[in-house]
Each structure stands twice: as structure tokens, then as C-alpha cells.
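Chain residues, written in single-letter form:
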Amino acid sequence: MTTSLLSRQIEDYTERYTTPPSIVLAELNRQTNLKRGDAVMISGHIQGAFLQMIAHMVRPKQVLEIGTFTGYSAICLAQGLQDGGHLHTIEIDEELEDMAAEYITKAGLRDKITQHIGPAADIIATVPGPFDLVFIDADKQNYERYYDLVFPKLSIGGIIIADNVLYDGEVVLPIEQQSKNAQAIQGFNNKVKADKRVQHFLAPIRDGLMVVRKVSE
Ligand SMILES: C[S@@+](CC[C@H](N)C(=O)[O-])C[C@H]1O[C@@H](n2cnc3c(N)ncnc32)[C@H](O)[C@@H]1O
């Protein structure tokens, strides 16, 4: 999967005109790229800055993230928490726990972020809402399921952001040429589009972010 659908030149320009990441985020990005063969999954500078901006606008009391990886997006989203606010992040791979914890601590967020290890579908049920902001960034086959599980726990006016909704551009291909994951993403996008309880905006940032605002129950 690509990290961006933009040309390299436009991506470089976008980075130059976006607030640089903090020292901790830059180090986390560097270490993730050094240590992880799957580093392409990290949100990184531009998407991280966007998530931070949204979090500052929403000022959430509670955030839920599905898919911690090495903690980059969790640290970004936690920047906008209200005083006393909290972020819960879920990751199935226990080998990622220590690295994410190290950088969450370095970012001064240890008491504001709870890391949950296990399958997201099981853990979502155990974390009480309401959530003001949810970031879905895990296994694509389960996006629709995660949407259904978190929706009743999302406050009115709350925001869901889902990553990879352009799936490397595959979503515009005929369905029979799409991978299984791209088909799952297409199903998720159709579900959001048909949902009368929400307003939504597909932001073509990086691999595509679906931004959904809950209007009614
Ligand atoms: C794209 S990465 C998340 C990137 C992270 N949000 C960031 O921006 O740096 C997706 C993560 O979801 C995790 N994941 C996959 N399936 C999962 C599941 N069923 N439950 C919880 N986490 C899962 C993967 O192990 C991986 O670390």
C-alpha cells in the first residue's frame, strides 16, 4: 500500500507548509522506520498533524483508537484532550505494546492514554463511552463491524475518522479487480454514505480519511 496518492513534489510541499512534528513524534517515526518492516502503517507527519488539528477542534473528553501500532496517532489525538480527558487505544499485537508505551511516556501522556491489548471487537465492548472522537485504523475487513460497535457509544456531534478509505486508489477499480481489503473498504464507504444519522466528508489525505459526524442516534 502506498503512503500517499499525491505526487512526491506535492507531498514535499505539503510537508514544508505543515507544522513540523514534535521531537518525540519525529523520533518515533524514525525508530518505527528503522525497526519495523511494516512502518508504512504509521500515520506520519501530514496525517498526524491533521489528526492533531481535528482533536484540538473537537476538544474530546474521551477518545477511542482502534489500531495503536507504535503509538504515533494516539499521541497526536491525545494532544487535543480536555483537562481530565482520556484516550483508549486498542492493539492486537502484544509485541507493539512496549514501543508504544515508551513513546507515550516520552510524550508525557502516560496518565492520559490506556493501552488495551487484544482483538478490538472484544475490547470495544469493555470500554465505556461516550466517545467524542474515534479513530478506526485496524483490519479493513472489520471496519463495518467497528462502526456498528462504536456508533452507540459515540456522543451526538462526535466524530469518527476511518483511515485508508481510498485503499491505494483501488476503490475506483471495478469490484472484480479490487483486493478483498479494498472490497471491505468499499462496503464501509457505502455504509457511511447510506447512513442517514451522519454527515461525512472523504478527505483525500494520504490514503484517504473518512470523517463522519454523528447527527442523530
Ligand atoms: C495501520 S496500523 C495502525 C497505525 C496507527 N494508528 C498509527 O497511525 O500509527 C493497524 C494496526 O491495527 C492492528 N490490528 C489489526 N487487527 C486488529 C484487531 N482485530 N484488533 C486490534 N488491532 C488490530 C495491527 O496490528 C496494526 O498495528
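See the structure above.
Quantities reported herein were computed from a predicted structural model and do not represent experimental measurements.

A. Highlighting the overall build of the chain. Each helix and strand in the chain was counted, giving eight helices and seven strands. On C-alpha atoms alone, the chain measures out to a radius of gyration of 16 Å, which is about the 17 Å that the 2.2 N^0.38 rule sets for 217 residues. Each principal axis of the C-alpha distribution contributes one length, and for the chain these read about 45 × 40 × 30 Å. Burial statistics for the chain: of 217 residues in total, 39% are counted as buried.

B. Spatial organisation of the nonpolar core. Ile75, Leu77, Val134, Ile136, Val150 and Ile160 are the most contacted members of the largest nonpolar core, which totals 50 residues. Ranked by residues supplied to this core, first place goes to helix H4 (residues 72-78) with six residues. Apart from the residues lying within four places of it in its own chain, the contact partners of isoleucine 160 are Val134, Ile136, Tyr147, Val150, Leu154 and Val212.

C. The arrangement of the site of the ligand in detail. As a matter of local geometry, the ligand sits amid 18 residues, with Ser43, Gly67, Phe69, Ser73 and Ala120 nearest to it. Listed by contribution, the elements that provide at least two residues to the shell around the ligand are H4 and strand S2 (86-91).

D. Layout of the environment of tyrosine 17. Checked against the element boundaries, tyrosine 17 lands in the loop between helix H1 (8-16) and helix H2 (23-35). Taking the C-alpha atoms as reference points, tyrosine 17 and threonine 114, separated by 97 residues in sequence, lie 32 Å from one another.

E. View of the environment of isoleucine 136. Tracing the backbone shows isoleucine 136 in strand S4 (residues 131-136). When the C-alpha atoms of isoleucine 136 and leucine 149 are compared, they prove to be 11 Å apart, with 13 residues separating the residues in sequence. Apart from residues no more than four positions distant in its own chain, isoleucine 136 is found in contact with Ile66, Tyr143, Tyr146, Ile160, Ala162 and Asp163.

F. Focus on the pairing of strand S5 (residues 154-163). The element S5 is largely enclosed, with a buried count of seven among its ten residues. Looking at chain direction, S4 and S5 are connected through five bridges and run parallel. Paired with leucine 133 across the strands is isoleucine 159, a residue of S5. Note that the unit made of S4, helix H7 (residues 143-150) and S5 has a crossover that is right-handed. Summarising the sheet, S5 and strand S7 (residues 209-214) pair through five bridges and their orientation is antiparallel. Among the inter-strand pairings, alanine 162 is bridged to a residue of S7, identified as methionine 210.

The rules behind these values
- Residues numbered from 1 in each chain as written.
- Predicted model: local features only at pLDDT ≥ 70, side-chain atom pairs only at ≥ 80, totals over all residues.
- Helix = DSSP H or I, 4+ residues; strand = E, 2+ residues; numbered from the N terminus.
- Rg over C-alpha atoms; globule rule 2.2 N^0.38 Å.
- Buried ≥ 20, exposed ≤ 12 C-beta atoms within 10 Å, placed from the backbone.
- Core = buried A, V, L, I, M, F, W, Y, C linked by C-beta atoms within 7 Å.
- Contact = placed C-beta atoms within 7 Å.
- Near = placed C-beta within 6 Å.
- Pairing = 2+ DSSP bridges.
- Right-handed = clockwise from strand over helix to strand, strands pointing away.

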